[in-house]
Amino acid sequence: MSVNAVPGGDVRGRRMTVTESQSEQQPAHWMVLESPGSGATWGCRIESVGVRLPAATLTTRELLSKTRHRTRIQLERLTGIHERHVVGPGENSFTLAVGAARDCLAHSGHRASDIEMLISSSITRSKGGMSQHFEPPLSLGIKQAIGAANAVSFDLSNACAGMLTGMFILQDFIRRGEIRCGMVVSGESISHLGWNAAKQIRFLFSKQLASLTLGDAGAAVLVEQAPEGVPGIDVIGFTTLAEHSRLCLAFPSTLGPGAQMYTKSRTLHKVAIEDMVPLLADVLTQADIDLGNIDYLIPHQTSARAISKGTAEFARRLGAKPKHVVVNLAEYGNTSSTTLFVALHKYLEEHRMRKGDRVMLLSLASGIEIGIAILTIGSEVDRYGRTH
Amino acid sequence: MGAHIDATCALADHSLRKARARRLADAAAQACLGRAGTEPGDIDMLINAGIYREDSMGEPALAALIQEDIHANLGHPPVGRNGTFSFDVANGICGVISAIQLVTGFLRSGAIKHGLIVTSDVYPTPRGSRGVPFQPTGGALLLGWDDGIAGFTDFHIETFPEYGELFVSGLAWQRRRGHRLPLRAAGYNRMVLDSKPGFQARCADCAVEATRRFLDRLGMSIDEIDLLVPAPAAPDFLDTLRVRLGVPGDRVAYTTEDMAGAYTTGSIAALEVASKSGSLGEARNTLMVAAGAGITVALALYRQTPPGEMPRRSRRSHQ
């Protein structure tokens, strides 16, 4: 597939009035962000979301019973995680991603051949006999498996912010009229980090504690050009607080297949929440909305306590709080790059969201990457709740 | 008006110390910014397109560590300035062209003013590094917006999945043999690189096909390409590509000898040679071509033609 980027060019007969001097017009933001107010021609919306969860589950009690040392950590009380889904034989990052992409298409009005860009954004890339696949990119295999023959494909890596980063990229291409439909997909077979951590963890303050919160899931989101006047993505912004880039690191393990992750969780949450407040304010201003008018805040799912503390701080400093804060840790745990879309999918399936609801997706990832999206729920909600 | 190449830098590792991907990328990024006279704080977007690292770190994105190393907006940027957003793109040897496409898009929409693309590849682990088809190198490419030229105008990425098994790489768990001792590692994630004979020649075949389709779509002939910037520089690929496309040797950007084994840095190394020789500045139409695992072929057209003198309109098409 090919993509033009001709200034003022005509793409598929549609007018493409990209304003070349936008860089002069846009005010400076801490975040790199795009919104309808920043001048592009086309709107953009989430058309469908898909999820694939492994059938097997593992409770926190079962996981902690397998630690090599007696830890006395009350993980469920601290994090709110009762259980998480874990991959079984024959399942890996690739199968989860393909399953999620197919589920996304099953909820979509598009066919796979409509997808013009496919981005795989998982941290884990297990496929076949490999614990981490490098080349060819996982996205190429996913594209083949679902039949998205016309899609430009590549992988990106941005820790737990990967899927939202992919959506940011798709939004940019769609708003400029270069493509009309794209998919971001992620398959996270990441629970093995918990097993590796269980062999070493001794105390509550272990840097591997966060590994015990991880669960497996695949998620996919299909983003399309929004017809005029139809609600969609209001704004997406991203920034990297790189002075804290070493607060969470993951490397291949010598204890078992896959990786080990070392996180200074408390410091990470503290600095992220501190810096997130002005970033939130920036994005809310750009979308011209008050935090109190956000119907659902879907934050990255790490621990119920951290989410509660963070939202309380937002409320204290911004003088308002969202109407609902989505926490699904009890049944899924932290599914890394897929958390936001697993939560969005669940709320769509359960018809908790209605047309016109304003949703804020809040990504927090090692780097430290902070991504914020505000969107308005539209007709996509009609496709959920009947098939499952 | 388009995305313009502000500066390039490609480095080979000549140190006696063990090559490290981050160190090579840092050095290339700093040299690139120095050449452009751009402050690190002016970088709005930083994309790492390198693949192979000594530690195969899974997270964070290497780009975030590089952002910290080069001191690009570590904390709250000064009033009136943007912060920096960093992430990694993984598309093998085609990753640089994918990253150029992304940066070009964000420049065009006005979300950013400067985008820095960095690359580096080093031997993944001491074990299993036999047959690694590259040498440790790092590169950086700075893109900005120029009102005076068309810049990067068209991209084309095509895949040939029927050849997907010709080059495969990844980590595979290998259990340590013998008795387990308490403090001894149970095993390690061994790097596996499987490159089948004839891979580069097949890449060249695919690149020729994709290039012809791309030029047809643009309504251009190969004679209108003043400069070809290919990657990789492997003779099996490059010579076949050049001969079959009918491009004279003086219109090809060959990398220097010490960069001949560059992997994801290959495209940047070739651009740098062309930039230093002046051929990049003189060429009205420069075609970047990269081909690697997948098989994926990526092409980018860089035009130093004033926007008002743009040739025939490009039309998008599906493969």
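So, here is what we can say about the structure in this document.

What counts, and at which threshold
Residues numbered from 1 in each chain as written. Chains lettered and ligands numbered in written order. Predicted model: local features only at pLDDT ≥ 70, side-chain atom pairs only at ≥ 80, totals over all residues. Helix = DSSP H or I, 4+ residues; strand = E, 2+ residues; numbered from the N terminus. Buried ≥ 20, exposed ≤ 12 C-beta atoms within 10 Å, placed from the backbone. Contact = placed C-beta atoms within 7 Å. Pairing = 2+ DSSP bridges. Nonpolar A, V, L, I, M, F, W, Y, C, P; charged D, E, K, R; others polar. Core = buried A, V, L, I, M, F, W, Y, C linked by C-beta atoms within 7 Å. Axes fitted to C-alpha atoms, helices over the stretch in contact; angles between N-to-C directions. Expected span 1.5 Å × (residues − 1). Parallel < 35°, antiparallel > 145°, perpendicular 65-115°, else oblique. Left-handed = near helix turned anticlockwise from the far one by under 90°.

1. Considerations on the overall build of chain B
- From N to C terminus, chain B includes seven helices and 11 strands.
- Expressed as a percentage of the 319 residues in chain B, the buried residues total 59%.
- When contacts within chain B are restricted to residue pairs at least 6 apart in sequence, those whose partners lie at least 24 apart make up 76%.

2. Focus on the pairing of strand β6 (residues 117–120) of chain A
All names here are of chain A.
- The side-chain alternation of β6 yields two buried faces, one formed by M117 and I119 and the other by L118 and S120.
- Here β6 runs beside strand β8 (residues 152–157); their pairing, made up of four bridges, is parallel. Looking at the pairing, L118 lines up with S153 of β8.
- The sheet contact formed by β6 and strand β9 (residues 181–188) spans four bridges and is parallel. Opposite L118, over in β9, you have M183 as the bridge partner.

3. Quick look at the interface of chain A and chain B
- Of the residues lining the interface, 75 residues belong to chain A; the matching set on chain B comes to 79 residues.
- With six residues, the single largest contributor to the side of chain A that touches chain B is β8 of chain A.
- Taken together, the residues of the side of chain A that touches chain B sort by class into 35 nonpolar, 28 polar and 12 charged.

4. Thoughts on the nonpolar core
- In terms of nonpolar packing, the biggest core is built from 225 residues, with A101, V221 and I298 of chain A together with I47, V103, I117 and A140 of chain B touching the most fellow members.
- Sort the elements by how many residues they give to this core and helix α4 (residues 199–218) of chain B lands first, with nine residues.
- Apart from the residues lying within four places of it in its own chain, the contact partners of I298 of chain A are V326, L340, A343, L344, V359, M360, L361 and L362 of chain A.

5. Structural notes on the sheet that holds strand β8 (residues 187–195) of chain B
- Pairing is antiparallel in the open sheet, where three strands are placed in the order β7(A)-β7(B)-β8(B). If you trace the sheet from one side to the other, it starts and ends with β7 (132–135) of chain A together with β8 of chain B, each paired once. Between one strand and the next, the sheet's axes are offset by a mean angle of 25°, whatever the strand orientation.
- Summarising the sheet, strand β7 (residues 167–175) of chain B and β8 of chain B pair through nine bridges and their orientation is antiparallel. Across the sheet, the residue bridging to A172 of chain B is R190 of chain B, located in β8 of chain B.

6. Digging into the environment of N91 of chain B
- Residue position: N91 of chain B is located in the loop between β3 (85–90) and α3 (95–109).
- Here the alpha-carbon distance between N91 of chain B and A49 of chain B, two residues 42 residues apart in the chain, equals 7.4 Å.
- If we skip the residues at most four places from it in the chain, N91 of chain B touches P137, F154 and D155 of chain A together with S98 and T296 of chain B.

7. Describing the environment of I307 of chain A
Residues and elements named next belong to chain A.
- By secondary structure assignment, the location of I307 is in helix α9 (residues 304–318).
- For I307, a count of 23 C-beta atoms within 10 Å corresponds to the buried category.
- For the pair formed by I307 and T79, sequence separation is 228 residues and the distance between their alpha carbons is 9.6 Å.
- Non-local contacts of I307, meaning those with residues more than four positions away in its chain, are made with P299, V325 and V327.

8. What about helix α8 (residues 265–287) of chain A?
Residues and elements named next belong to chain A.
- With 23 residues, α8 should reach 33 Å at 1.5 Å per residue; the first-to-last C-alpha distance of 31 Å fits that figure.
- Among all positions in α8, only L268, H269, A272, D275, M276, L279, L280, V283, L284, Q286 and A287 are buried.
- Of the residues one or two after α8, D288 is the one with positive phi, at around 55°.

9. Some words on helix α6 (residues 266–277) of chain B
Residues and elements named next belong to chain B.
- For α6, built from 12 residues, the straight-helix expectation of 16 Å at 1.5 Å per residue is met to within 8% by its first-to-last C-alpha distance of 17 Å.
- Looking at α6, one finds that the buried residues are G266, S267, I268, A269, A270, L271, E272 and A274.
- Positive phi appears at G278, one or two residues downstream of α6, with a value of about 90°.

10. Topic: the packing of helix α6 (residues 162–175) of chain A against α3 of chain B
- Running from N to C, α6 of chain A and α3 of chain B cross one another at 60°; their axes reach a closest spacing of 10 Å. Here α6 of chain A is positioned oblique relative to α3 of chain B, judged by the angle of their axes. Handedness of the α6 of chain A/α3 of chain B crossing: left-handed. Facing α6 of chain A, whose interface residues are I169, D172, F173 and R175 of chain A, α3 of chain B presents L102, G105, F106 and S109 of chain B.
- Residue composition of the contact of α6 of chain A with α3 of chain B, grouped by class: four nonpolar, two polar and two charged.

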